[in-house]
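Fold and geometry: a report
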Amino acid sequence: MSTTASAAGSTGETRAYRDYGRPLWRRVLLSREAAVIALLILVWIVGYTQVPHFAAPITLTFLLQDMAPVLLIALPMTLIIITGEIDLSVASVMGLSSALIGILTQQGWAFGAAFLVALIVGLVAGLVNGVLVTVVGLPSLAVTIGTLALYRGIAQGLLGSKAITDFPSEWTSLATGNIPGTPLPIVTVLIVVLALVFGLLLHFTPFGRGVYAIGLSADAAAFSGVRITRTKIILFALAGLVSAVAGAYYTLRFGSARGDNATGLELSVVAAVLLGGVSIFGGRGALPGVLAGALLIGAIASALRLAGITSDVINVVTGVLLVLSVVIAGLLGKLRFRRLRIVKS
Amino acid sequence: MPDDIPPAAPATGSTPSAGAPSGAAASTAPAAPSAPAALELRDISKAFGQVIALRSGTLRLESGSIHALIGENGAGKSTLVKIIAGLYQRDAGEFLLGGESVDFRSTAESKAAGIAVIYQEPTLFPDLSVTENIFMGRQPLKGLRRIDRAAMREQALGLFQRLGVRIHPDRPARGLSIADQQIIEIAKAISLDARVLVMDEPTAALSGVEVDRLFAVARALRDEGRALLFISHRFDEVFALCDTVTVMRDGAYIATQPIAETDTAKLVRQMVGRDVAELFPKQEAVIGDELLRVEGLTSPLFADVDLSVRSGEIVGLAGLVGAGRSEVVRAVFGVDRYDSGTVTVEGRALAPHDPTAAMRAGLALVPEDRRAQGLVLGTTVARNLTMAIRSKLTKAGILTRAAENQAARVWASRLEVKSSALDAEVGTFSGGNQQKVVLAKWLATNPKVLIVDEPTRGIDVGTKSEVHRLLSELAGQGLGILMISSELPEVLGMADRVIVMREGRVTAELSRADANPESVMSAATGAGAAA
Ligand SMILES: Nc1ncnc2c1ncn2[C@@H]1O[C@H](COP(=O)(O)OP(=O)(O)OP(=O)(O)O)[C@@H](O)[C@H]1O
Ligand SMILES: [Mg+2]
C-alpha cells in the first residue's frame, strides 16, 4: 500500500510551487497595461515639453472634466466587456438622465430629488438590458443597439429640442469647481472612489473572479457555480446607474439638460476600454490599463487641440491608435496561441 | 525486481476480447529492421520557453503493425504526436517518412503525406453537423463543384456503422458527449485512408464495446498494411491491440520492445522507474446514512432515474457511451434542466437548476469534459484550483492572490500537479495533469457527495492508483461518492454498488458481490435481457 501511495509522485520529489513563472520585471513590463501607461507618460512628456499651454494646470482640469464621463462609465464597461458582453446604450442613458433632470427641475422639483429619479431610471434601464441579454438570451450587441435608440428616443421625446439651462449654482459648482488648492476638478474624487470600488470588485473579490471566468469559458464557469445570469444583470444595472450619474454630471457641467446630450459617447468609452488592454472577446484586461487608456485618449486630444489641430484630425489619431492597439494585441495573441492552438482544419 | 506484481492485463481486461498478451502480437511479425520504417523519429527535442516537453523522442513505426506509445502524464507523448502532425516543429532531431527526411510546416502537409492523427482532445466545429466535421475541407463534390451532401452523409453513416455507433449524421457537434466527439475524430481520421494513423488516447472516454469496435477497425487497417500508433494509459488495451511498445519518460525515449516480450510490471517500471500496482485495492468503509437521493429524474435524455448514495459508499454508474449517465449527473448538480423528479441532499430537497445551491448543499461534480467544463482555460492553475472555493478564501469580502496561491499550493501538491509555477496557464498542461487540477479543484470544496464523471480519463498508472486511493480514503472519511466510469475494472474494483444505465434508464442495480463483467455488460447492452 505504501508503494501505491507514493507512486503518484512520478518524479519522486515533492514540488515546491513558485507563485510566478516569470520574474517580476517581465510580468510588469510586458503587460498590456504597462504599454498603455508608458504611452500615456510619453504623450504627457511630449505635450509638456512641445505643446504650448499643455503644462498649464488648467489643461489638466479641462482634461479631467472632459474625460470624467468616459472614465466613470469605462469602469462598469470594463467588467461587462470582460464577461464577453458589451453595452452600447450608456450614452443614451446619459441623455435620458439629463432630460429627466431637466424636465423635473423645470416642473419645480428639487435638483436632488430629480437626480435621484434619474439614478433609479438609469438603474432600471440597465436592468432591462441585463434581463434581455440573460433571461431572454439575446446578444448584448443587438440588445443595446436597440436600447441605444430606445433610451435616446425617450430622452428626446421628453424634452423635444428644448434645452433646460437653469440649475442651482451650488450643484453646478460641484461639477465645475476644483478641489480647493489643486487643479483637480471635484469630480476627480468621485472617479477615484468609484475606480477603487470597481477595482476591488474586479480584482479582489470572488465576484470578479467569476467575471473573468464567464468571459473565458461560460461553460466552465457554470460548472464552477458562477451565477452567470445574476452577474451579468448586476453589471448591466451598474452600467445604467453609473451612466445616469455621468449624465447628471454632464448636465451640470454644461449647465444644460438636453435629450441629445453625450450622443456617441459610448464609442469613446469602448475605445478607452479596448485601448486599455481589455479583450473584446472577454476574459482579459485590468482596470488600471483602462483608466490609463481613457486618460491617454484625453491627453492626446487635448495636446492636439492645444497645438491647433482640428477635431477631425484628433478623431483620426484616436481611431488609428485604437486600431493599432487592437491589431497589436491580436498579433501578440496569435504569437502566444500558435503554440497552444490545436488544428482546426 | 519483486515478483509479486502480476501482469494485470489478462485479469483486468475491460475489453472482453482482451486475450493473452501475446495473442495479438503473434499474428504479425515486426518488419525486418533493414527496410525503411513507415515513419521514424530520432532524438526529437522540443521546448516551450523554459519547459522542455521532449528531450529525445525516438519512435519507429512499421507498416502492417500497431505500435503502442506509453508514458506518464507529461512524458511528452502528445508533443511527439503534434510534431508528427506538423502542428509543432521540432527543435532538433530527425523525422523520416518511408526513409525520407520530412519537415512538416503545417497539418495540411502531414495530411498530404498520408498521416492521419486523432488528437487527445477533440477539436470539432461546434456549429457544424457531425458529417460536415468529418469531411471538413475535403467534401465530396458533384457537378459544378457543389458539395455532394447525400454522398457525404452516406459515407458518414458508413463510418458510424463501421465503428458501431449511433450518432445522427446531421446533428451539430455542439453538445456531443466527449466520447461521441472522440468517435467523430476517429471517424474523421479513418476516413482519410492514411498510410500512418496516429491515435492519441482515442479510448480514454470510450467504454468496452466502442473500444472493441475501434480495435476491430484498427486491426483491419493493420492487416491492410498501414502503420498505426496507439497511445493509452490502459495496459490491457496495449496488450490486446499492439505488436510493439515504446516507453517514454520525462520527454525521453526509454525502450522499445515486442509486446510478447514484456508485461505490465516491466512496462510500469520503465515508465515510472519503480513498481506500482495498476489498480488500488479498495479499502472497506463504514457505510452510513443516505446523503444523496435522486427520485424519478426525467428529462428528454433520461427517464425515471432513481439512485441514492450513502455516506462512505462508492456507487459506480456504469453503461455504454450515450447511456445518459453524464446527463443525469449534470442535472443532479443543476447545470442541466430536468422536467420532473427530485434531488435530495441529506434529506433536504435541492432547488433545481442551481449549481451554486448544489455546491452549498455539499455536492461537487468533476465533469467529463475537462477542457470545456472542468477548467477555465486561459487562466492560471491557481485560479482554476481555487475557482470553486473562491468565496471561502475571502477575508472581509476581499480575495487576494496570496490567499489563492496558498490554497492552490496545498491542493496542487496533494494531487502532485506537475507545474513549477502557480501562474502557469492550465491550458498548456498535459491531459492527465489537467485532470488532476479539476479533481483538486473539487476536492478543495470539501464536499459531502462527490460526483466524478470519468475521474481517471487520461490519467497514468501511478496517478490513477493515487486517485483511487484518494477516492477510497474520502469514502473512508464519510463522503458519498458517485462515480461514472466507462472502465469496467475501475467500476468493479472501486464500487460498493453498481448502477447500470442503458438508453437513459436504470437497468440494473448490483451489489459489489453481484457485479461482474458479465452482469454489468448485459445490463448495459441489454443482451442479457432476452436470456
Ligand atoms: N504548448 C505548450 N506550452 C508549454 N508547455 C507545454 C505545451 N505543450 C506541452 N507542454 C508541456 O510539455 C510536457 C509534455 O506534455 P505532453 O502533452 O506531450 O504529455 P503527454 O505525455 O501527452 O501526457 P498525458 O498522458 O497527460 O496526455 C508537459 O509538461 C506539458 O506541460
Ligand atoms: Mg497527451
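Residues numbered from 1 in each chain as written. Chains lettered and ligands numbered in written order. Predicted model: local features only at pLDDT ≥ 70, side-chain atom pairs only at ≥ 80, totals over all residues. Heavy atoms only, no water.

**Here we look at the UniProt feature "transmembrane region" (unreviewed entry) in chain A**
Residue and element names in this part refer to chain A. As recorded in UniProt, the feature "transmembrane region" (unreviewed entry) lies at residues 34–51, 108–125, 131–151, 184–204, 233–252, 264–282, 289–307 and 313–332. As annotated, residues 108–125 has a helix share of 83% and a strand share of 0%, and its two end C-alpha atoms lie 24 Å apart. For residues 264–282, the helix share is 58%, the strand share is 0%, and the end-to-end C-alpha distance is 23 Å. (UniProt positions renumbered as here; feature names shortened; annotations may be inferred. Helix = DSSP H or I, 4+ residues; strand = E, 2+ residues; numbered from the N terminus.)

**Concerning the pairing of strand 4 (residues 92–97) of chain B**
Residues and elements named next belong to chain B. In this structure, strand 1 (residues 39–48) lies alongside strand 4, joined through 5 bridges in antiparallel fashion. Directly across from L41, in strand 4, lies its bridge partner F95. Direction of pairing for strand 4 relative to strand 5 (residues 100–101): antiparallel, over a ladder of 2 bridges. By the bridge assignment for strand 5, L96 is matched with S101. Between the end of strand 4 and the start of strand 5, which pair antiparallel, lie 2 residues, with G98 showing a positive phi angle near 55 degrees. (Pairing = 2+ DSSP bridges.)

**Notes on the coordination of the magnesium ion (ligand 2)**
Residue and element names in this part refer to chain B. S78 (OG) and Q120 (OE1) make up the full set of protein donors to the magnesium ion (ligand 2), lying at 1.9 to 2.1 Å. Of the two residues, S78 sits in helix 3 (residues 77–85) while Q120 sits in the loop between strand 6 (115–118) and helix 5 (130–134), which places them 42 residues apart along the sequence. The exposure class assigned to S78 is buried, which follows from its relative accessible area of 17%. Relative accessible area serves as the criterion here: at 10%, Q120 is assigned to the buried category. (Donors = N, O, S within 2.8 Å, 3.2 Å for Na, K, Ca; no water. Buried < 20%, exposed > 50% of the residue type's maximum accessible area, 1.4 Å probe, protein only.)

**What to know about the packing of aromatic side chains**
Scanning the model with the defined rule gives 9 aromatic pairs over all chains in all. Here the aromatic rings of F215(B) and F230(B) are separated by 5.6 Å at their centres, their planes lie at 85 degrees, and the arrangement is edge-to-face. Separated by 15 residues along the polypeptide, F215(B) in helix 8 (residues 208–223) and F230(B) in strand 10 (residues 227–231) bring together distant segments of the chain. Pairwise contacts between aromatic rings join F111(A), F115(A), F167(A) and W171(A) into one cluster. The ring of W411(B) has R414(B) sitting right over it, with the charged end atom 4.5 Å from the ring centre. (Phe/Tyr/Trp six-rings, centres within 6.5 Å; stacked < 30°, edge-to-face > 60°. Lys NZ or Arg CZ within 6 Å of the ring centre and 35° of its normal.)

**Considerations on helix 10 (residues 206–216) of chain A**
Counting buried positions over the 11 residues of helix 10 of chain A gives 9, a clear majority of the element. Residues of helix 10 of chain A that are buried include every one of P206(A), G208(A), R209(A), G210(A), V211(A), Y212(A), A213(A), I214(A) and G215(A), and no others.

**Concerning the sheet that holds strand 17 (residues 348–349) of chain B**
Pairing between the strands of a sheet is mediated by backbone hydrogen bonds and can be parallel or antiparallel. All names here are of chain B. Ordered by their spatial adjacency, 4 strands build an open sheet running 14-13-16-17, and the pairing between neighbours is antiparallel. The sheet is open, and its two borders are formed by strand 14 (302–310) and strand 17, each paired with just one other strand. Inspection of the sheet shows strand 13 (residues 290–299) paired to strand 16 (residues 340–345) by 5 bridges, in the antiparallel sense. Bridging from a neighbouring strand, T298 pairs with S340 of strand 16. Sheet contacts for helix 11 (residues 325–333): strand 13, strand 14 and strand 16; angle to strand 13, the most-contacted strand, approximately 115 degrees. (Contact = heavy atoms within 4.5 Å. Axes fitted to C-alpha atoms, helices over the stretch in contact; angles between N-to-C directions.)

**Regarding the environment of V491(B)**
Residues and elements named next belong to chain B. Structurally, V491 is set in helix 18 (residues 488–494). According to the relative accessible area criterion, V491 is buried, its value standing at 0%. For V491 and G158, which are 333 residues apart along the polypeptide, the C-alpha to C-alpha distance reads 32 Å. Discounting residues that sit within four places of it in the chain, V491 has contacts with G316, A318, M483, S485 and V498.

**Details of a nonpolar patch on the surface**
Residue and element names in this part refer to chain A. Taken together, L24, W25, V28, L29 and L30 make up a surface patch of nonpolar side chains, about 570 Å² in accessible area. Along the chain, the position of L29 falls in helix 2 (residues 24–29). According to the relative accessible area criterion, L29 is exposed, its value standing at 57%. (Patch = residues over 30% accessible without salt bridge, like charges linked within 9 Å, V, L, I, M, F, W, Y side chains within 5 Å. Areas by Shrake-Rupley, 256 points an atom, 1.4 Å probe, with all protein chains shown as cover. Salt bridge = Lys/Arg side-chain N within 4 Å of Asp/Glu carboxyl O.)

**What to know about the site of ligand 1**
As a structural note, the neighbourhood of ligand 1 is formed by 22 residues, with G74(B), K77(B), S78(B), T79(B) and G432(B) the closest of them. In this structure ligand 1 sits where residues from chains A and B come together. Between T428(B) and ligand 1, the recorded distance is 3.1 Å, taken from a backbone N or O atom to an oxygen atom. Protein burial of ligand 1: of its 640 Å² of free accessible surface, 90% is covered by the chains. (Near = heavy atom within 4 Å. Polar contact = N/O pair within 3.5 Å; in protein donor to acceptor, adjacent residues only side chain to side chain.)

**Side note on the sheet that holds strand 21 (residues 497–502) of chain B**
All names here are of chain B. Spatially, 6 strands are ordered 18-19-20-15-21-22 in an open sheet, and the strand pairing comes out mixed. Looking at the sheet topology across the chains shown, the edges are occupied by strand 18 (363–366) and strand 22 (505–511). Sheet twist, expressed as the mean angle between neighbouring strand axes with direction ignored, is 15 degrees. As judged from the 5 bridges shared by strand 19 (residues 449–453) and strand 20 (residues 480–484), these two strands associate in the parallel manner. Each bridged residue has a counterpart across the sheet, and for L450 the counterpart in strand 20 is I481. Its contacts with the sheet place helix 11 against strand 15 (314–319), strand 18, strand 19, strand 20 and strand 21, and it is angled at close to 145 degrees to strand 18.

**Let's talk about the nonpolar core**
I73(A), L265(A), V269(A), V273(A) and L296(A) are the most contacted members of the largest nonpolar core, which has 80 residues in total. Aside from chain neighbours lying at most four places away, what touches L265(A) is P69(A), V70(A), I73(A), A91(A) and M94(A). One finds L291(B), V332(B), I459(B) and L474(B) within the second-largest nonpolar core, a separate group that totals 72 residues. (Core = buried A, V, L, I, M, F, W, Y, C linked by side-chain atoms within 4.5 Å.)

**Some words on the pairing of strand 16 of chain B**
Residue and element names in this part refer to chain B. Where strand 16 and strand 17 come together, 2 bridges link them in antiparallel fashion. Residue T344 lies in a different strand from strand 17, and its bridge partner there is A349. From the end of strand 16 to the start of strand 17, which pair antiparallel, there are 2 residues, and E346 there has a positive phi angle of about 50 degrees.

**Considering the pattern of salt bridges**
All names here are of chain B. All chains considered together, the criterion is met by 37 salt bridges over all chains. Across the salt bridge formed by R226 and D193, the nearest N and O atoms sit 3.1 Å from each other. With R226 in the loop between helix 8 and strand 10 and D193 in the loop between helix 7 (178–191) and strand 9 (196–200), this pair connects stretches of sequence that are 33 residues apart. The exposed category is assigned to D193, whose relative accessible area is 54%. Note that K448 and E346 form a salt bridge whose closest N and O atoms lie 3.4 Å from each other. Taken as a pair, K448 in the loop between helix 16 (431–443) and strand 19 and E346 in the loop between strand 16 and strand 17 lie far apart in primary sequence, 102 residues in all. Overall, E346 belongs to the partly exposed group, its relative accessible area being 35%. Each member of the salt-bridge network shares a partner with another, and the members are E40, R42, R60, E62 and E94.

**Some words on the side chain of T231(A)**
Checked against the element boundaries, T231(A) lands in helix 12 (residues 228–254). With sequence-adjacent residues up to four places away left out, T231(A) is seen in contact with F207(A), V211(A), I214(A) and V226(A).

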